[in-house]
Every structure is written in structure tokens, then in C-alpha cells.
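The primary structure of each chain is shown beneath.
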Amino acid sequence: MPSLTRAEAASRAESIRVEAYAVDLDLTGAGPTFRSTVTIRFAARGGESFVELKPTRLHSARLNGAAVPPESLTANRLRLPGLSTDNELVVDAEMAYANTGAGLHRFVDPADGRGYVYAMTFLDEAQRVFACFDQPDLKAPLRLSVTADPRWTVLGNAPVESVHDGRWTFGETPPLATYFMTLVAGAYHGVHSEHDGIPLGLYCRASLAEYLDRDADELFTATRGCLDRYHQLFGVRYPFGKYDQAFVPEFNAGAMENPGCVTLTDDLVFRSAVTEAQREGRVVVVAHEMAHMWFGDLVTMRWWDDLWLNESFADYLGVRVAAEATRFTGAWTAFAIAEKTRGYAADQRPSTHPVAAAEVPDPAAALLNFDGISYAKGAAALRQLVAWAGDDAFLAGLRAHLTAHAYGNATLTDLLTAVSTASGRDLADWAAVWLRQPQVNTLRPQLELDREGRYASVAIAQAAPPEYPVLRPHRVGVGLYDLVGARAVRRTRLDVDVAGPLTEVKALAGEPVADLLLINDGDLTYAKVRLDGTSMTALPAVLPVLADPVTRAVLWVAVWDAVRDAELGAADLLVLVDQTLAAERDVVIAEFVLRAAHDAVNRFLPPAARADALARLHATGDRMLAAAEPGGSIQLAAARAVITTGVDATRLRAWLAGSTVPDGLAVDADLRWRITYRLAICAAAGPADIDRELARDRSAAGEEWARRCRAALPDAAAKAAAWQALSHDSALSNRQLLAAADGFWQPEQLALTESYVDLYFAEVPDLACRRSGLVLERLVRSAYPRYAIEPHTVEAAAALLARPDLDPAVRREVVDADDDLRRALRARAFG
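Residues numbered from 1 in each chain as written. Predicted model: local features only at pLDDT ≥ 70, side-chain atom pairs only at ≥ 80, totals over all residues. Heavy atoms only, no water.

Caption draft 1: Examining the overall build of the protein more closely. A count of helical and extended segments in the protein gives 27 helices and 29 strands. Taken over C-alpha atoms, the radius of gyration comes to 27 Å for the protein, in line with the 28 Å a tight globule of 831 residues would show. In terms of its C-alpha atoms, the protein occupies a principal-axis envelope of roughly 90 × 70 × 55 Å. The buried share among the 831 residues of the protein stands at 61%. (Helix = DSSP H or I, 4+ residues; strand = E, 2+ residues; numbered from the N terminus. Rg over C-alpha atoms; globule rule 2.2 N^0.38 Å. Buried < 20%, exposed > 50% of the residue type's maximum accessible area, 1.4 Å probe, protein only.)

Caption draft 2: Spotlight on the pattern of salt bridges. Inspection of every chain in the model, using the stated rule, returns 66 salt bridges. E94 serves as the salt-bridge partner of R35, at 4.0 Å between the closest nitrogen and oxygen. With R35 in strand β2 (residues 33-44) and E94 in strand β8 (residues 86-96), this residue pair connects regions lying 59 residues apart in the sequence. One salt-bridge network, in which partners are shared between bridges, spans R444, K528, R530, D561, D565, E567, D819 and R823. (Salt bridge = Lys/Arg side-chain N within 4 Å of Asp/Glu carboxyl O.)

Caption draft 3: Representation of the nonpolar core in the model. Formed by 194 residues in total, the largest nonpolar core has its most connected members in Y230, W294, W308, F313, L435, W556 and V814. Counting residues per element, this core draws most heavily on helix α14 (residues 587-604), which supplies twelve residues. Not counting residues within four places of it along the chain, the set of residues in contact with L435 comprises W308, P354, V355, A356, A381, L412 and W430. Counting residues in each nonpolar core, the second largest holds 47 residues, with V18, Y21, L53 and V91 among its members. (Core = buried A, V, L, I, M, F, W, Y, C linked by side-chain atoms within 4.5 Å. Contact = heavy atoms within 4.5 Å.)

Caption draft 4: The arrangement of the packing of aromatic side chains in detail. Following the criterion strictly, the structure yields 35 aromatic pairs and no others. Seen from their ring centres, Y21 and F130 are 5.7 Å apart, and the 75 degrees between their planes marks the pair as edge-to-face. In this pair, Y21 sits in strand β1 (residues 16-26) while F130 sits in the loop between β10 (115-120) and β11 (142-147), placing the two residues 109 residues apart along the sequence. The exposure classification of Y21 matches that of F130, with both residues buried. Summarising the aromatic geometry, the rings of Y344 and Y526 are spaced 4.7 Å apart at their centres and angled 35 degrees between planes, so their arrangement reads as tilted. Of this pair, Y344 sits in helix α5 (residues 331-347) while Y526 sits in the loop between β28 (516-519) and β29 (528-529), and the two are 182 residues apart along the sequence. Neither residue differs from the other here; Y344 and Y526 are each classed as buried. Residue placement shows R383 over the ring face of W332; its charged tip is 3.9 Å from the ring centre. Over the aromatic face of F744 sits the side chain of K719, whose NZ or CZ is 4.9 Å from the ring centroid. (Phe/Tyr/Trp six-rings, centres within 6.5 Å; stacked < 30°, edge-to-face > 60°. Lys NZ or Arg CZ within 6 Å of the ring centre and 35° of its normal.)

Caption draft 5: Layout of the pairing of β11. Relative to β11, β1 runs parallel, the two being bridged by six bridges. Within β11, the residue paired with D24 across the bridge is S145. The pairing of β11 with strand β14 (residues 167-170) spans three bridges and is classified as antiparallel. Bridging across to β14, S145 finds its partner in T169. (Pairing = 2+ DSSP bridges.)

Caption draft 6: Here's a closer look at the sheet that holds strand β24 (residues 455-463). Read across the open sheet, the four strands follow the order β27-β24-β23-β29; overall the sheet is mixed. The outermost strands of the open sheet, each flanked by one partner alone, are β27 (502-504) and β29. Both β24 and β27 contribute to a ladder of three bridges, which runs antiparallel. Bridge assignment links I460 to a residue of β27, and that residue is T503.

Caption draft 7: Structural view of the side chain of R564. For R564, the position within the fold is in helix α12 (residues 549-564). It is D820 that comes nearest to the buried, bridge-free R564 among opposite-charge side chains, at 4.5 Å. In contact with R564, not counting residues within four places along its chain, are A345, Q348, F604, D820 and R823. (Lys, Arg positive; Asp, Glu negative; His and termini not counted.)

Caption draft 8: Here's a closer look at the packing of helix α4 (residues 307-325) against helix α7 (residues 373-389). With their axes 7 Å apart at the nearest point, α4 and α7 run at an angle of 70 degrees to one another. In this view, α4 runs roughly perpendicular relative to α7, as classed from their interaxial angle. In contact with L307, W308, E311, S312, F313, D315 and Y316 of α4, α7 contributes S374, Y375, A376, G378, A379, L382, R383 and V386. Of the residues in the contact of α4 with α7, the class split is nine nonpolar, three polar and three charged. (Axes fitted to C-alpha atoms, helices over the stretch in contact; angles between N-to-C directions. Parallel < 35°, antiparallel > 145°, perpendicular 65-115°, else oblique. Nonpolar A, V, L, I, M, F, W, Y, C, P; charged D, E, K, R; others polar.)

Caption draft 9: Just the state of the cysteines, in detail. Throughout the structure, instances matching the rule amount to zero disulfides. C132 takes part in no disulfide bond, and the closest cysteine sulfur to it belongs to C261, at a distance of 18 Å. (Disulfide = S-S within 2.5 Å.)

As C-alpha cells, this is what we get:
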């Protein structure tokens, strides 16, 4: 079905003004569809236009009282000829429930058989729920009515006005873009509170009620703190009445910023023990989605090329407000080591794009830009802007922007004008290189030493890749650290404005050579950083005794990026991990380094070296486990690493049986599944073991784990069944599908899955006929033969990419996966 183009949207916005939607949904039928009736009041300049909808059956459409002929519906567009100045369109249609997470998703909980639905209307999926002018700049108030099982809980964007005999009527919302409309209905369990006159609600499936109740205080405390902080920062009160947060099943994204009713993945309702990093991550998501209430919801981008106005701001503000207004004051550490690493990786792939893309022709193209660039790089650029323009001026500009465009739409130019006016700085040049140009710079120290062991000169060399030779202004910290006894002490830190290819740091001339010289100390800019030889040599001694976690994060990111760029060997990374990680106190850093090291073992080392390297990493995890505080986050992170790298089936089975388990470690549902998965990969567990584990855990998460485990079995029949499911079974839900793809490829099973490499490239184009949107992207990515690190895989990818008819989403994911695999080949060649 055609995707609305930017030109079509601009033309329609010039001729149409939507005044109100009244949406009436009937969810009482037992079949695969629901009834959707919408009344749209809109003004027009005459002529004709169209609305979008994707019905299974169009019952009727009436424009200003006259029937619209059924043949007026072509694909997803209902043509509306002969428009008047004031118009009323009534569309009555049958719509399909979804199992993809797009539209009105329906789910039956295997734990208790209860049913749930929720609407996910982002980007242009509102037309799967009701007929509408489905573009972000035709905002209008919306009133929702729902008929459903009277035993259900039903939520919408606005507070409910009346409930009677299974009929819910909600109040009218402020003007909303169509992609913000939501509905959450089913046997949901709710917890309620209030803050500063704002009703607060938390909701989840009934089978998760005890876990939500356990964490409700933590979630409400974070919500209250974030609301207060946003009120302080913006000077504009929360504009959408109530603030519900509904944790919904089989959600494709982390969360969605529907005004008044945020939907979040119910993976964030923790059934099992989690680390403090996971709890922090959940609170950052809460803060991120709340930031959207102002940036995205109150003021909405005019078109998808200004996606960054939503996501970059929410990413920056989410981390900032979580750090300032909740107990997770170290949230910038996770941003430095996890979020920015995701941004650096995306920005160096062939599919890189500017933060503020110059041209986004349609929503399908926009969806491809929901990546580490629009989120992490954009957020890092904003942090750099704050360092450059000043926080007071930045916030003053944001307040002016929100006031000027409240309940409307805005563009990048509007925002830059507001911040420029507040700061007294012309931001055009800054935006041209930071927001309009792709790729990332590399900053390296360039040092000359004198005979007395002092710096004769210190300079920062800035480089850019030849295909994007753009040098940016960077305000960075430069820190000198010395080993003093059992501490690494920062001797000095300078703020330096880097400009051009070489920037001399004159203030450091004459300083004694430091054990560590760190560019981007404090992590204020977005750039790849390299270390000088002295600093690299000192890392094993410095890392364990550095007090500041952000500094340690910046160092680990520099090391990991050098490995990815084949400037440092994967074996050298593993040596550094072995030497230092047992002393790490911050679980955010520990988890990242363990994952990166495991990735290096599986992809960056030759297969012949893998077994020894895996054993070494396993021993590191074991030492961390032995030294960790019982019941603490480091203990849990170390236990997960021990399981993931383990080959001793006897030990893992003993943990399942409750024997030899370290004090304080709970072998709960999550750890049991991790153990079963590892045993399945290593041929130490079979279908019967998986079935027994599933019998213990009849939950949605349990079913996903079971499918992942079955796909991981080193058995030809199991692989054939998993491949058939992920490539051809349209009845599988989004999460079940991705679980099969996640488990299929294993580095221990290269010979068994060798024949599926060519099969992937032969069959992946057809996936676009059965799947779309986020599910298609993630399926293509997850099913890619990521461990078949051979020239043949590169050749097969090249042949596929030569096809002119390849779906753009498939092409994007294959291009990026191929680039990652080429990096692995270069890393293996480096040694």
C-alpha cells in the first residue's frame, strides 16, 4: 500500500484543516476483526482529498450526508471528491487485529488465558485503527468511545467521562497528531496515585500484578520527580491531564509517548532479579517518554525529517532529568558507554545519515532513521550545544519554542531561531556541521616530550572519514591523571575548544608527562577518542583505581572502538578485561564490558582461538562472581556472564537443581531460562528439558524463551523447524518470531547452519511480503548469519544488494549487517 509522500502531505496540509475526530470502537466480537466508526469534521478549500484506512471491509462512508462509493477506496486511500468549506466524514469499517505490534495488537496471556489489546499508531499506523488524515501536522482534538467486555479496564489518551454496561466514553483531548492516539484494554491490573494535581496510573497484565505492585513505589517516585523537574526546566505544566503508564505485551519498541497514556514494553515489569543498571534504564525510559509530552506531543514536528526534534531531545532530557531528579544520579555513565556506542556504530555504517535529515520522502523512509543517530548522536550533539551556548540560554530558548508552538507543529529552523535568540549566538554554522552532516570525527593526542619527561607540546588532531570530510567544533575536557599510591588522581582538567585539523593545548606545555592523558574527559562531545602510547600502557593500572565512572566509561569506549576499527587486537581487549574488570564497581560498565568482550570472542577472533578466549572470559566472570557482594548487581551480572560463557554442563545443571549456587544469588525464572538456553546451545539440554522448564513458567516470557531455546538446539530438525517459523509463519506474533531468529545462529554451530547462509540471502527478500515496519527490520537483522564470518557471506550479501527490487528496509538492514561482518573480518586479520 502506498506510503504518504512529503509532497502529498504538504499539499494536503495546505488545503485541509482537521477540526475534530470522534472514534468509536467495538471490541466485543470474537473474530479476528473489530468495528471502527469515525466521524471527522474538517475544513477544506474545496476540490478533493483523501483519508487513509486499512480495513478488511468497508461497511460505509458518508461525506456530508452523501454515500461515498465503495470503489473510491483504492489500497489504503479513500478518495473524497467535491469537498465543501466545512465537511463531515463518517466511515464505518471492519479492521483487523494485529499480531505485529502495529495497529490494534491483540494478545492472549498464556499464563491465564486473559485477553488484551492496545493501539500502536506510530508512524502511520493509525489508519489500521480508524480512518484519518494520517500525517503529523494535521493535529486535531480526539474523542474516543469503546464498547468492550464490561469486566475489562479500558484506557485512552483522555480521562474517562462515563462507563456503563461495557461502554466507555472518554473526554476530548487537546489537538493531537494521529500517531499519538492509543487505546489500552483488557484485564489490566492498575495502581493509582496523584502528584501536584495530576492523576497517575500504572497498569500491567493481571499475571504480572505482584511484580508491578512490588515496584510501584519506585516507579511513582521517579514519575513525580521527573514531572517536577520538567516543570522547572520548561516553565510549562504537563498539558494532558492524567499521566498513565501502561506496560503492554509484545511491544515492538521500548515505549511510546502517547499523551496521557504512555505505553511501555512489559519487559520493564521485572519478574526476576535485575541489576541496578536495568532499574536505571527503566527510569531513563520513564523520563524519556515524559520529555516527549513537551517535545513531540505538545509541539510536534511538521514532517519526519525533523524526527530528531522528538527523539534527540527526549534522549538528552531523559538522561539529564533521570540524573537530576531520581536516585539514579549516574545515568550519564550509561549514556557514555552504551547509548553513545550505539550511536558511533550506526554513524560509521554505510547507512549513516545526518541527525536532521535533509530529505525524508515518506514515513517508510523515516522509520529507517529510528536508530542510534537520531537518538544517541542527536542527544550528544545537544549536550555539546549546551556546553557551547550555556545551559541558561539553551533552556530559555526551549521555553520560548514551547510557548510559541504549543499544540502545533514546528521545524528545526523554529528551534534554532529560539535558541539563537536566547543565546545571542548564530547557530547556523553549528547546525550545518553537527545536524546536517553524517559520520563522526576522531580526536587523537599529538604529543612531543622533552628530555626531562615533560610535554614539550600537546595538540589534538581531528580527523574525519574521507567520504565525509567534515571537521566540527568540539568543546572537550582534557584531563591528566597520575597514579598516586592506590589511586589514579586527576592532576588537571582543561576545557579546550577544538577547531580544525590540529588544536594546540598550550597550557599543558611544560607539564610532567601523565600516566593518562584523556581527551573528552567528562564526555561532553560526540567523537571517537584515541589514547597515546603511555596512556595505553598505563590502562591496566589506571582503570581499576579511577574514581569517576564516566571517565572509566570513556576509556572503555575508546578501547572497544579501537578493536572495532582493527587498531587494537581483540586478544588485547580480553587481556585488559582479565586484568581490570574484577575491580569494577559500576554495574553499568561491568555489563557493557562483559557483553563487548563476549562479542569479541564470538566474532573478532579466529574460530581456532575462540575456545581458549571463551574460557578466559569465563574465568574473569568467575572471579567477579566470587568477589561480589551477595545479592548485589555485580554478582548478578557476573553470574549471567558465567552462564553465557559456560561449557561445564554439570555445574549449570547443579545451579538449576539449587546446588552450589553462590550465596545471595537467586536462580529465578530468568536465570533458569538463561541456563537452559546455554545448555541447549551446548547440546546438554534437549526438547524435553525445554518443555519441563516451560511447564514451570507458563508465561509470555517463558514461551519466548522456549522458542529461543528450541531454535538454538544443535539439531538439524530443530533448525529446520525454526527456519520455517521465522521465514514463513505469518501466524507467529512479533515476539515469537524474533525469539526464533535470536536463537538460530550460534558460533558453536557453524557447520550445522552453513547451508542456511545461502538460504537467508535467497529468502530474505520475500520477508517484506509478509512483514513490515519494525518487525521486518528486526527480523532481517536478527536472522542475518552474523557468525558466518567468511568472504562467501560478503559475496552473497553483495549479490543480494545488487537486486534493484529489494525492499528499502531489507536493503538497509543487510547493508549494515554486511558492514558489521566486514569489520569482523578486518578484526580477525589484524590479530
